[in-house]
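# Structural overview for review
Read off the chains here:
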Amino acid sequence: MKHLVISLVMLLLLSSKPIAAKAPKIVTTIQPLHSLVAGVMDGIGAPELLLKGNESPHSFSLKPSTMRLLSNADAIFWIGPSIESFLEKALDTIDGGPRVITLTKTDDLILHDAREGGIWGEGEDAHGHSHGHGHGHSDHDGHIWLDPKNAQVIADIVADTLSDLDSENAERYRQNANDLKRRLETLLQETKRDLAAVRQAPYIVFHDAYQYFEQRFGTMAMGAISVHPERPPGAKRLYEIRTRIVKSNIRCIFKEPQFTTKAAKRIAEGTSAKVKELDPLGASLSPGPDSYFKLIKGIASSIKSCAGVQ
């Protein structure tokens, strides 16, 4: 009888313990953003990623399974309509569902004006402060994640949102965000040192995705082949870029894994420029907390290598 009473008491004690809350269902759009959110959620849960591998936000199409994923989420983190234009109308159809965090509309982020494609220099400085309209839907360049300072701000935004949704784990979210910001500061300083020797090495990019990286690290992109990555450049654009390549002794033309390489190869023909690859999204990387760091290091490594610095 005594053993039975003890067993019943133990069962009551175990049943009275609070059940740990499940991690919120979080959806992110592009891999760099997914990586930052995953870092804040580390040890608690993992976010879902919409665009995988070589998928580009400029050409992505929503599927029924994607809509279900969005509808069942507690929160959706996206950059904004200048990048994930496919998501804009879809979010309007989700009634009373997830919390939507549009990062380009949040406070404290560094935002640069969008630039035109082609050769930069007239009406903007070497690193580009144009007031024209790029390939997005706003006056701002949406590639905000390529500045680690912005990534630090995003870490705080994510921690604030998750703490509000899941107060039980708020302390862990904030600690993860602080750890992530320290890692990002180390990344920023190391990348500055790595690129110091190639700050004056000019190069051409496929489309204007790297302004935040250029401004943070002082590299010298001279222009972009395409105004919009889905539209091939015209003959006039190709001629202008080829002329600048010869005139400025540009060594590097960068393609992107998400898009065809035809234009980059055509421009490089008959010049000394090499065609290499820059990837603003991390197509070849495995999703997870470390992929953002590999992405930034990979861009820096590509620029150094193409400029002839190991």
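Residues numbered from 1 in each chain as written. Predicted model: local features only at pLDDT ≥ 70, side-chain atom pairs only at ≥ 80, totals over all residues. Heavy atoms only, no water.

Evaluation of the coordinates by the stated rule reveals one disulfide. The residue that forms a disulfide with Cys252 is Cys306, at a sulfur-sulfur distance of 2.2 Å. A torsion of -125° about the S-S bond marks the disulfide between Cys252 and Cys306 as left-handed. Residue Cys252 is located in strand S8 (residues 252-255), and its partner Cys306 is located in helix H10 (residues 291-306); the two are separated by 54 residues in the primary sequence. A residue is classified by how much of its surface remains accessible, and Cys252, at 4% relative accessible area, is buried. The exposure class assigned to Cys306 is buried, which follows from its relative accessible area of 1%. (Disulfide = S-S within 2.5 Å. Helix = DSSP H or I, 4+ residues; strand = E, 2+ residues; numbered from the N terminus. Buried < 20%, exposed > 50% of the residue type's maximum accessible area, 1.4 Å probe, protein only.)

Our next topic: empty space enclosed by the protein. Under the defined criterion, the tally for this structure stands at three cavities of 30 Å³ or more. Quantified by volume, the second largest cavity comes out at close to 70 Å³. Every residue lining the second largest cavity is counted, 13 residues in all, and those nearest its centre are Pro57, His58, His207, Pro280 and Leu281. Across the lining of the second largest cavity, the residue classes tally to seven nonpolar, five polar and one charged. (1 Å grid on protein atoms, 1.4 Å probe; cavity = no way out; pocket = protein on both sides within 12 Å on 5 of 7 lines; lining within 4 Å. Points joined across faces, edges and corners; volume = space filled by probe spheres on them. Nonpolar A, V, L, I, M, F, W, Y, C, P; charged D, E, K, R; others polar.)

For the rest of this paragraph, the subject is the packing of helix H5 (residues 148-165) against helix H6 (residues 170-195). The N-to-C vectors of H5 and H6 enclose an angle of 175°; their axes lie 9 Å apart at closest approach. Judged by the inter-axis angle, H5 sits roughly antiparallel to H6. Note on element contacts: H6 touches H5 through Ala170, Tyr173, Arg174, Ala177, Leu180, Lys181, Leu184, Glu185 and Leu188, opposite Pro148, Lys149, Ala151, Gln152, Ala155, Asp156, Ala159, Asp160, Leu162 and Ser163. Residues belonging to the contact of H5 with H6 are distributed by class as follows: eleven nonpolar, two polar and six charged. (Axes fitted to C-alpha atoms, helices over the stretch in contact; angles between N-to-C directions. Parallel < 35°, antiparallel > 145°, perpendicular 65-115°, else oblique. Contact = heavy atoms within 4.5 Å.)

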